[in-house]
Amino acid sequence: MTRTPTRPAPPRLALILSVATVMAATHLYGAVVAHADDGPSVPPGTEASASAPVEVDPNDPDLKLPEGATLTEPKVLDIKQIVEDKSGDERREDTNSDVTFALQAEVLFGKDSAKLGAEAKARIATIAGEIKTQNATKVRVFGFTDNLGSSAHGDVLSRQRANAVQAVLGQELSDANLTYEVRGYGEQYPIADNSTEAGRKKNRRVEITFPRTGS
């Protein structure tokens, strides 16, 4: 079986575990096709968007193509890197285009509450610092709940919690050019299994998303 040829990554990317460029080589026996696993559904407007592909020289001897093989158009996949703290209270997701911080509701609020405590505000202030670093001009703040209780109540509570987080960001950033999109999605778009308490805990969250525009 002929293996799909790949080009060694540059030294500065040697420690990155995710492969950002996938090329399929077409040869005499057919085409080799790469597939990406489907992830959980995401709220509208937060879909990943891959950056432009790098230039590839099809005549580069390092590619070592089989005789008669040619390259299809190179494609860059939007790779998501997820880092979660040991407690699971906070998660950071990085893609080619965006940064998302997800904070569990228990870290920010009391049960069935949208009131933020001092520790919660400190966590949000830290995220505000990252927003400044990225020079972001737009921030999305989305609230989510689990599927317990009525859907209508979850919609209202998730929006109240998103509003509370946005208010702290607004105080920390004080930037007239920064715009916000604030929504409450209730039980929509779960990221874990709602049939277990561990899963429901992950689903009760507020996500803060902004573009990777900084250097």
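Above: the structure in question.
Remember, it's a predicted structure, so these values are computed and weren't measured experimentally.

J.: Please set out the overall build of the protein residue by residue, giving values where relevant.
T.: A count of helical and extended segments in the protein gives four helices and eleven strands. Per-residue burial for the protein yields a buried fraction of 33% across its 215 residues. Intrachain contacts of the protein at a sequence separation of at least 6 include 69% that bridge at least 24 residues. For the protein, the exposed area adds up to about 13,200 Å²; of that, 52% sits on carbon and sulfur atoms.

J.: I'd like a description of the packing of helix α2 (residues 118-133) against helix α3 (residues 151-173), backed by residues and values.
T.: Between α2 and α3, whose axes approach to 9 Å, the crossing angle comes to 55°. Here α3 runs oblique to α2, going by the angle between their axes. Crossing hand, α2 versus α3: right-handed. Side by side, α2 and α3 meet where Lys121, Ile124, Ala125, Ala128, Ile131 and Lys132 of the first sit next to Val165, Val168, Leu169, Glu172 and Leu173 of the second. Classifying every residue of the contact of α2 with α3 gives eight nonpolar, no polar and three charged.

J.: Give me the lowdown on the sheet that holds strand β7 (residues 90-94), citing residues and values where you can.
T.: Overall, mixed pairing links the six strands, which are arranged β6-β7-β8-β11-β9-β10 in an open sheet. Bordering the open sheet on either side are β6 (81-84) and β10 (179-184), each of which pairs with just one other strand. Pairwise comparison of adjacent strand axes, ignoring direction, gives a mean angle of 15° for this sheet. Two strands pair when backbone bridges link them, and β6 and β7 are joined in this way by four bridges, in the antiparallel orientation. Paired with isoleucine 82 across the strands is glutamate 93, a residue of β7.

Thresholds, definitions, all that
Residues numbered from 1 in each chain as written. Predicted model: local features only at pLDDT ≥ 70, side-chain atom pairs only at ≥ 80, totals over all residues. Heavy atoms only, no water. Helix = DSSP H or I, 4+ residues; strand = E, 2+ residues; numbered from the N terminus. Buried < 20%, exposed > 50% of the residue type's maximum accessible area, 1.4 Å probe, protein only. Contact = heavy atoms within 4.5 Å. Areas by Shrake-Rupley, 256 points an atom, 1.4 Å probe, with all protein chains shown as cover. Axes fitted to C-alpha atoms, helices over the stretch in contact; angles between N-to-C directions. Parallel < 35°, antiparallel > 145°, perpendicular 65-115°, else oblique. Left-handed = near helix turned anticlockwise from the far one by under 90°. Nonpolar A, V, L, I, M, F, W, Y, C, P; charged D, E, K, R; others polar. Pairing = 2+ DSSP bridges.

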